[in-house]
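# Remarks on the overall topology
Here's the letter readout for the chains.
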Amino acid sequence: MAVESFSHYKDVLIILGAAGIVIPLLLRLGISTTLGFLIVGILLGPHILGNLTQSFPALSALSIGDIGGATGLAELGVVFLLFLIGLELSFERLKTMRRLVFGLGGLQVVISSMVLGVAAVWLGFRPPQAAVVGMALALSSTAIIIQLLSDQKRLGTQAGRISFAVLLMQDVAVIPMLLLVTALAAPADTNLTLNLAWALAQAAMAAVLIVIVGRYLLTPLLRLVAASKNPELFMAVVLFIAVGTGAAATLAGLSMSLGAFIAGLVLAETEFRRAIETIIEPFKGLLLGIFFLLVGLNLELDVLLQSPLVILAATAALLVIKSLVMLALGAAFKLPRRSIMEAALLLAPGGEFAFVMFAAATVAGLFTKAEAATTLLVVTLSMMLIPALSFLATRLRKQLEKSNVVQSEMPTEAASSHVIIAGFGRVGTMVADLLIEQSIPYVAMDFDMANVTRGRKANYKVYYGDASQLAFLKACGLNDAKALAITMDAPSRVEQILKTVRSEQQNLKIIARARDERHAQKLYELGVTEAVPETIEASLQLAEAILVETGVPMGLAIAAVHERRDQSRKLLGRQDRRAEVAKARSRLRVTKS
């Protein structure tokens with residue numbers, strides 16, 4: 001009984017062990033999380049570990065027996081990925097990047113699909129199969145490329161923005177592509193145009209229903225749960241929405257991914273967007289990792305061993321074709337040569353949605369598993385080359401920069417210089433008003449749903465979420481912020497947020513609201529840039545009013561108050577330095593002892 005019970009948990013333990021032990025080791029070697037799961041899947045697969053178990057039976061304990069049990073989790077990884085993509089598709093972002101997203105990205109998808117589809121016909125695929133091959137291979141790896149650019153801090157560069165725009169368009173294109181796969185799988189005597197029109201009509205009806213339900217049911221539900229200030233309940237509702245809308249889409253004959261994508265779009269403009277991103281991201285990372293692990297497990301490596309030259313030649317052809325398409329489009333759009341060259345190399349390999357496309361096509365009967373194996377092997381090999389292609393792109397970019405190539409610069413977005421406001425009560429609202437008057441961008445947040453609702457009704461840019469959570473702060477742009485204003489009246493909350501931010505950002509300017517002089521001194525010790533004690537400020541304003549009312553000229557009264565304010569700041573600064581000296585002396589005594 002114990003052995004049988006262990007067998008149920010063995011596969012889960014292997015997956016969690018890979019995520020918690022093997023993947024961190026691969027990260028130290030410079031291998032991304034996504035590629036790490038893919039490599040682990042290949043190593044645990046029947047062609048490597050399976051062959052070793054014949055000589056070493058004890059290794060069978062590391063083999064995953066029930067792949068079907070993990071398949072559902074892997075599908076959820078793709079669902080959460082599309083849910084997050086929907087959240088990212090705000091109308092403001094699309095409007096800012098519309099030329100690159102719809103122009104460059106749209107043409108890349110269409111032209112690459114057509115060229116690769118024609119090549120597939122030339123290689124002997126039937127026209128419906130060639131259409132699927134062309135569309136699937138035109139897509140790139142959002143998971144790997146975005147993570148790689150983020151780790152290199154290059155998402156904000158011209159090449160990063162070009163890559164992000166094209167990937168965004170590809171992710172959107174996945175939805176109609178999956179619908180087209182269903183239409184292509186219809187019997188030959190049926191009307192393809194009619195099938196596609198019916199599939200699009202189904203998708204449109206499901207999308208309208210999800211939008212209506214989202215606007216009039218899901219958003220009020222989130223507000224109700226958020227008002228309870230219970231993070232666990234809020235997380236449960238978010239997961240319910242992401243998975244539930246996907247399940248609802250399946251009832252309409254559509255994919256779970258489509259339902260989750262539309263739900264993300266509905267919630268993208270709400271006050272919960274940042275908090276939802278924070279909750280979904282860890283689940284998406286782990287479940288998408290399981291997806292890539294299963295891809296590695298299912299790879300038919302014997303196909304590579306049987307015809308290695310054919311597979312390698314097909315992989316090289318894929319990289320060359322997609323790179324040339326991007327370079328040609330970059331020239332047509334007059335983009336900087338070094339930026340488009342870097343983006344072309346990153347986007348040339350295949351992506352994770354190719355596996356989703358071929359899975360759907362196999363279920364629909366367009367491909368057998370053996371027919372899809374060769375193409376999926378090409379996609380996998382190309383994805384494993386992304387780090388090497390990124391390294392090559394960096395070297396080429398540096399060579400072009402050294403040669404001082406003259407080129408027209410692409411219009412870029414202004415560097416982010418927003419202010420984060422933690423707490424949107426009376427003080428936070430006043431800070432936001434002053435920032436708006438000076439045309440300074442800001443992002444405000446509050447854990448009190450009443451403050452968020454009030455701010456949203458007044459058209460303030462305020463989000464629901466806990467400012468003491470580092471992941472949530474990062475989702476609100478902490479790493480790109482110019483300053484942080486902590487306006488809450490609870491001293492413990494102010495200190496907690498200050499500690500969290502300083503653990504990540506040592507040089508960010510932080511201005512915090514303090515209860516009194518003693519609290520301000522403590523905030524200085526924790527690393528605040530400027531502390532504003534309520535009691536001192538209230539006393540100074542009261543003193544200024546009294547001076548004016550007793551006949552002191554306005555200018556002299558203001559000058560006197562400003563002088564006293566400066567004296568208080570200097571005094572707090574001296575006290576702060578004294579505290580630091582005392583701590584240093586204490587550490588020195590401990591060291592000597």
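Structure: see above.
Conventions used here
- Residues numbered from 1 in each chain as written.
- Predicted model: local features only at pLDDT ≥ 70, side-chain atom pairs only at ≥ 80, totals over all residues.
- Heavy atoms only, no water.
- Helix = DSSP H or I, 4+ residues; strand = E, 2+ residues; numbered from the N terminus.
- Buried < 20%, exposed > 50% of the residue type's maximum accessible area, 1.4 Å probe, protein only.
- Polar contact = N/O pair within 3.5 Å; in protein donor to acceptor, adjacent residues only side chain to side chain.
- Contact = heavy atoms within 4.5 Å.
- Patch = residues over 30% accessible without salt bridge, like charges linked within 9 Å, V, L, I, M, F, W, Y side chains within 5 Å.
- Areas by Shrake-Rupley, 256 points an atom, 1.4 Å probe, with all protein chains shown as cover.
- Salt bridge = Lys/Arg side-chain N within 4 Å of Asp/Glu carboxyl O.
- Pairing = 2+ DSSP bridges.
- Axes fitted to C-alpha atoms, helices over the stretch in contact; angles between N-to-C directions.
- Parallel < 35°, antiparallel > 145°, perpendicular 65-115°, else oblique.
- Left-handed = near helix turned anticlockwise from the far one by under 90°.
- Nonpolar A, V, L, I, M, F, W, Y, C, P; charged D, E, K, R; others polar.
- Core = buried A, V, L, I, M, F, W, Y, C linked by side-chain atoms within 4.5 Å.
- Expected span 1.5 Å × (residues − 1).

This part takes up the overall build of the protein chain. Assigned secondary structure in the protein chain consists of 26 helices and 6 strands. Among the 593 residues that make up the protein chain, the fraction classed as buried is 47%.

With respect to the helices and strands, the residue Glu-495 is situated in helix α23 (residues 491-504). Judged by relative accessible area, which is 11%, Glu-495 ranks as buried. Among the polar contacts made by the side chain of Glu-495, one reaches the side chain of His-519 at a distance of 3.2 Å. Once residues within four sequence positions are removed from consideration, Glu-495 is found in contact with His-519, Lys-522, Leu-523 and Leu-526.

Here we come to a nonpolar patch on the surface. Among the surface-exposed residues, Leu-107, Val-110, Ile-111, Met-114 and Val-115 lie close enough to one another that they form a single nonpolar patch of about 400 Å² accessible area. A relative accessible area of 31% places Ile-111 in the partly exposed class.

Let us look at unusual backbone geometry. Even without being glycine, Lys-229 reaches a positive phi, approximately 55 degrees. Inspection of the secondary structure puts Lys-229 in the loop between α10 (192-226) and α11 (231-251). Not every positive phi belongs to a glycine, and Lys-334 is a case in point at roughly 55 degrees. Take Lys-334: it is sitting in the loop between α15 (308-332) and α16 (337-347). The exposed category is assigned to Lys-334, whose relative accessible area is 65%.

Reading across from one edge, β3-β2-β1-β4-β5-β6 is the order of the 6 strands in this open sheet, with parallel pairing throughout. At either margin of the open sheet sits one strand with a lone partner, and together these are β3 (462-464) and β6 (530-533). Direction aside, the axes of adjacent strands within the sheet are offset by 20 degrees on average. Two strands pair when backbone bridges link them, and strand β4 (residues 483-486) and strand β5 (residues 509-514) are joined in this way by 4 bridges, in the parallel orientation. By the bridge assignment for β5, Ala-485 is matched with Ile-511.

Considering all chains together, one arrives at 6 salt bridges under this definition. A salt bridge links Glu-271 to Arg-223, with the nearest nitrogen and oxygen atoms 2.8 Å apart. Here the residue Glu-271 occupies a position in the loop between α12 (256-267) and α13 (273-298), and Arg-223 occupies one in helix α10, the gap between them amounting to 48 residues. Classification of Arg-223 as partly exposed rests on a relative accessible area of 35%. Note that Lys-474 and Glu-504 form a salt bridge whose closest N and O atoms lie 3.5 Å from each other.

Relative to the assigned elements, Pro-349 resides in the loop between α16 and α17 (353-364). When the C-alpha positions of Pro-349 and Ala-316 are compared, they lie 9.4 Å apart, and in sequence the two are 33 residues distant. For Pro-349, the contacting residues outside a window of four places in its chain are Leu-139, Ser-140, Leu-319, Lys-322, Ser-382, Met-383, Ile-386 and Leu-389.

Turning our eyes to something else, we now look at the packing of helix α9 (residues 158-184) against α17. Contact pair α9 / α17: the axes reach a minimum separation of 10 Å and the direction vectors enclose 15 degrees. With respect to α17, the axis of α9 lies roughly parallel. The way α9 lies across α17 gives a crossing that is right-handed. Here α9 contributes Asp-171, Val-174, Met-177, Leu-178 and Val-181 to the contact with α17, which in turn contributes Phe-353, Val-356, Met-357, Ala-360 and Ala-361. Split into classes, the residues belonging to the contact of α9 with α17 amount to 9 nonpolar, no polar and 1 charged.

For soluble globular proteins, the rule of thumb is that nonpolar side chains tend to be buried together. Within the largest apolar cluster, 158 residues are counted, with the highest numbers of intra-cluster contacts made by Phe-83, Leu-104, Leu-222, Phe-234, Ile-276, Phe-291 and Tyr-464. In terms of residues, this core owes the most to one element, α9, which gives 14 residues. Discounting residues that sit within four places of it in the chain, Leu-222 has contacts with Phe-234, Val-237, Val-238, Ile-241, Leu-267, Phe-272 and Ile-276. Judged by nonpolar contacts, the second largest core, of 5 residues, contains Leu-319, Ala-348, Leu-389 and Ala-393.

In this section: α23. When the terminal C-alpha atoms of α23 are compared, their 21 Å separation across 14 residues agrees well with the 20 Å that a helix rising 1.5 Å per residue should span. Among the residues of α23, those classed as buried are Val-494, Glu-495, Ile-497, Leu-498, Thr-500, Val-501 and Arg-502. Buried residues belonging to α23 abut β1 (419-422), α22 (470-475), β4, β5 and α24 (517-526).

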